[in-house]
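Observations on the three-dimensional arrangement
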Amino acid sequence: MTAAEHQRRLTAGAELVAALRAVEDRGSNLVDDLLAGTPFVAFEHYPPGDVFDPPSGAQYYFHAHEPDEHRQCGMDWAEIGHIHTFFRPMGRGDDAPIHHLIAIALDRFGRPAGLFTTNRWVTGEDFVATPQARAFARRYSLADPAPVSRLVTAIFTLFSAEIDELLDARDAAIATWERDHPERDVFEDRTLEITSSRAINLLAVLADLQANADD
């Protein structure tokens, strides 16, 4: 890792901590901020209409499934919901393509606990293979000053290597599934939902960054 890359990760780490503190210092959490006082309804998008940054094409929304459904998806951490992130290179017109990148799982405290990718049918995206998806992930940035948006942007910098690995694993899982089930349309197969996942430990990552910065 170059010095410039390390500095970008340090900056992202500081931004992530600041975003969490901005929420938690007022006795709230990311999920409460996303719901903004509205009643929770499973599968609804929060905030309504999603968050979209026209200059960059970055977009996201939060939602959650019915109780216990997350464990049925095969993930190995406890989550209360997740943030789906997208990239729209041509803006937000009705016919503009939308590409899903990663989902950010939030734990019961409303903090990021894992990252995962999904099959195309889950979000109705326009699927692109890893090289293009990785390029979009590198450009993901939200100008919105809300703490959640600041945190999501920081995640893409702080965990860029992990996102690359997840996208590679997603494509490998899809290729394997297609090989093993040639009679099915892999992208519409409801039995393949989560295509790659990994837990993340924010405290460990931030501590490691700080330790390296002090060397």
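Everything below is about the structure printed above this text.
Below is a summary of the structure that appears in this document. Predicted model only: the values in this text are computed from it and were never measured. (Residues numbered from 1 in each chain as written. Predicted model: local features only at pLDDT ≥ 70, side-chain atom pairs only at ≥ 80, totals over all residues. Heavy atoms only, no water.)

A short note on the packing of helix α6 (residues 147-158) against helix α7 (residues 160-180)
Our working definition: Each axis is a line fitted through C-alpha atoms, and for a helix only the stretch in contact is used; angles between axes span 0 to 180 degrees, taken between their N-to-C directions. For helices the rule is a DSSP run of H or I covering at least 4 residues; for strands it is a run of E covering at least 2, with both sets numbered from the N terminus onward. Here is the rule for angles: anything less than 35 degrees is roughly parallel, anything more than 145 is roughly antiparallel, 65 through 115 is roughly perpendicular, and the remaining ranges are oblique. The criterion used for residue contact is that any of the two residues' heavy atoms lie within 4.5 Å. As a working rule, the residues Ala, Val, Leu, Ile, Met, Phe, Trp, Tyr, Cys and Pro are called nonpolar, Asp, Glu, Lys and Arg charged, and the rest polar, with Gly in that last group.
In the contact formed by α6 and α7, the axes pass within 5 Å of each other and the chain directions differ by 75°. Looking at the two axes, α6 sits roughly perpendicular to α7. Packed against α6, whose contacting residues are I155, F156, T157 and L158, the element α7 presents S160, E162 and I163 at the interface. Broken down by class, the residue content of the contact of α6 with α7 amounts to four nonpolar, two polar and one charged.

A word on the sheet that holds strand β1 (residues 46-53)
What counts is decided by this rule: Think of it this way: DSSP has to see at least two bridges between two strands before they count as a pair.
Within the open sheet, the six strands sit side by side as β1-β2-β3-β4-β5-β6. Their pairing is antiparallel. Only two strands of the sheet have a single partner each, and these edge strands are β1 and β6 (194-199). Neighbouring strand axes in the sheet, compared pairwise and without regard to direction, differ in orientation by 20° on average. Here α6 sits on the sheet and contacts β1, β2 (58-63), β3 (81-87), β4 (99-106) and β5 (112-118); the angle it forms with β4, its principal contact strand, is near 110°.

Thoughts on the environment of G13
By the secondary structure assignment, G13 is in helix α1 (residues 3-24). For the pair G13 and Q210, spaced 197 residues apart in sequence, the C-alpha separation works out to 9.2 Å. Setting aside residues up to four positions removed in sequence, G13 forms contacts with L158 and L206.

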